[in-house]
Amino acid sequence: MGEKKFLLEEEFEALLNSNAITLDSSEPVMIYLSGCAFLSISKHLDKPYDSLFYNAMQSTLLTLCKSPSLHSCVFGYTAGNTIAIILSTKPNASPWLGYDVHKMCSVAASIATMAFYQSFSAAYNKLHDSDKAQYMGLMNRPMNFEAVSVNVPVERAADMIYWMQRDRNRHAVQELGRCFFAGRELKGLSNGAILSLLKETYQVDFNAMPTVFKRGVACKRVMSEEGHSKWTIDDNTPFYDNPQAKRELNDILSAIKELYHSNP
């Protein structure tokens, strides 16, 4: 009986590990999270910019970067309802959760889900009763996140973040445009044409919108005057397509570049 039970235990463990996917610890890892069915949530938000939602997304990003569970996090970014965090592992150190894709994604998604709900709920509870009405239907809906994780070559990390920025910028222009024009009026128009139409018709300046709405914001470590590093949201995160901004991001990732390039 004892031997049979032992065999069943081995078979069960083998079954659990049969579909395990492990990422390469010699390259950085990006965990990309997005809100599940957040389109239904957006129906209850202020248009085009809802401070409760975007503040909750920034708080969620900060929580992920500071989490002891994600101790190897070196950089984070949020744009719209998405978040990306970049992890690194030092030589001879054990990668977080063995860089097991299923484990990393489930833990990161659960941390994000809890952090977003706590932040959004706290802000909601501080609202005046008359301002709570529009969010009441939202508070009974699930606010879950899903996650995927991939290896990202060091030299492509900035390009991945820039892609997030461009994608968010495109959606932001369209969201702002739909606040003033019907969908049929914007059909076929480029983002540049929509911006011109907003400026000429309603004197609406897209550049005056918060950075987090236009292209998202980064979360990175900043050294204090006392010499301690602290995770901080950069409210004026630049586009990472110009050389100077790209160099700034590469400086943040320089430790990773030296780490992996010196250990082929």
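Given the structure is predicted, the values throughout are model-derived calculations rather than measurements.

Taking 1.5 Å of rise per residue, 22 residues should cover 32 Å, and helix H7 (residues 157–178) covers 32 Å from first to last C-alpha, within 8% of that figure. Turning to H7, its buried residues number three or more, namely Ala157, Ala158, Ile161, Met164, Gln165, Arg168, Ala172, Val173, Leu176 and Gly177.

Before going further, it helps to spend a moment on the state of the cysteines. With the rule as written, the count across this model stands at zero disulfides. As a non-bridged cysteine, Cys36 has Cys105 as the owner of its nearest cysteine sulfur, 12 Å distant. Looking at Cys36, the relative accessible area reads 26%, which means it is partly exposed. Free cysteine Cys73: the closest other cysteine sulfur is in Cys65, separated by 3.8 Å.

Bringing the packing of helix H3 (residues 51–66) against helix H4 (residues 101–125) into the picture now. Packing of H3 against H4 brings their axes to within 8 Å, and their N-to-C directions diverge by 140°. Relative to H4, the element H3 is oriented oblique. The way H3 lies across H4 gives a crossing that is right-handed. Contact residues: Leu52, Phe53, Asn55, Ala56, Met57, Ser59, Thr60, Thr63 and Leu64 in H3; Ala108, Ile111, Ala112, Ala115, Phe116, Ser119, Phe120, Ala123 and Tyr124 in H4. Grouping the constituent residues of the contact of H3 with H4 by class yields 13 nonpolar, five polar and no charged.

Right, let's talk about unusual backbone geometry for a bit. For the bond running from Lys47 to Pro48, omega is 0°, close enough to zero to count as cis. If you trace the backbone, Pro48 turns up in the loop between helix H2 (38–42) and H3. Positive phi, normally seen in glycine, also occurs at Leu97, with a value near 55°. If you trace the backbone, Leu97 turns up in the loop between strand S3 (82–87) and H4. Positioned with a positive phi, Gln203 is a non-glycine residue whose angle comes to about 55°. With respect to the secondary-structure elements, Gln203 resides in the loop between helix H9 (191–202) and helix H10 (211–214).

Mapped onto the secondary structure, Ser40 falls in helix H2. Through-space distance from the C-alpha of Ser40 to that of Arg141 is 8.8 Å; in sequence the pair is 101 residues apart. A distance of 2.8 Å separates the side chain of Ser40 from the backbone oxygen of Ala37, its partner in a polar contact.

Right, let's talk about the packing of aromatic side chains for a bit. Counted under the stated rule, the structure contains 15 aromatic pairs. Judged by centre distance (5.8 Å) and plane angle (25°), the ring pair of Phe116 and Phe120 falls under stacked. Placement of both Phe116 and Phe120 in helix H4 is noted, with a separation of four residues, approximately one turn of the helix. The exposure class of Phe116 is buried, given its relative accessible area of 0%. Judged by its relative accessible area of 0%, Phe120 falls in the buried class. Both rings, one in Phe180 and one in Tyr202, keep their centres 5.1 Å apart while their planes meet at 40°; by these two values the pair is tilted. Of this pair, Phe180 sits in the loop between H7 and helix H8 (183–186) while Tyr202 sits in helix H9, and the two are 22 residues apart along the sequence.

Attention shifts here to the pairing of strand S1 (residues 29–35). With six of seven residues buried, S1 is to be regarded as a mostly interior element. Two strands pair when backbone bridges link them, and S1 and S3 are joined in this way by six bridges, in the antiparallel orientation. When the sheet's bridge partners are listed, Ser34 is paired in S3 with Thr82. When S1 meets strand S4 (residues 145–151), the two strands line up antiparallel, connected through seven bridges. Looking across to S4, one finds that Tyr32 is bridged to Val148.

One finds Ile31, Leu33, Ile85, Leu87, Phe116 and Phe120 to be the most contacted residues of the largest nonpolar core, which totals 54 residues. The element contributing the most residues to this core is H4, with ten residues. If you look at the next biggest cluster of nonpolar residues, it comprises 15 residues, including Phe75, Ala157, Ala158 and Met164.

Quick notes on the rules
Residues numbered from 1 in each chain as written. Predicted model: local features only at pLDDT ≥ 70, side-chain atom pairs only at ≥ 80, totals over all residues. Heavy atoms only, no water. Helix = DSSP H or I, 4+ residues; strand = E, 2+ residues; numbered from the N terminus. Expected span 1.5 Å × (residues − 1). Buried < 20%, exposed > 50% of the residue type's maximum accessible area, 1.4 Å probe, protein only. Disulfide = S-S within 2.5 Å. Axes fitted to C-alpha atoms, helices over the stretch in contact; angles between N-to-C directions. Parallel < 35°, antiparallel > 145°, perpendicular 65-115°, else oblique. Left-handed = near helix turned anticlockwise from the far one by under 90°. Contact = heavy atoms within 4.5 Å. Nonpolar A, V, L, I, M, F, W, Y, C, P; charged D, E, K, R; others polar. Polar contact = N/O pair within 3.5 Å; in protein donor to acceptor, adjacent residues only side chain to side chain. Phe/Tyr/Trp six-rings, centres within 6.5 Å; stacked < 30°, edge-to-face > 60°. Pairing = 2+ DSSP bridges. Core = buried A, V, L, I, M, F, W, Y, C linked by side-chain atoms within 4.5 Å.

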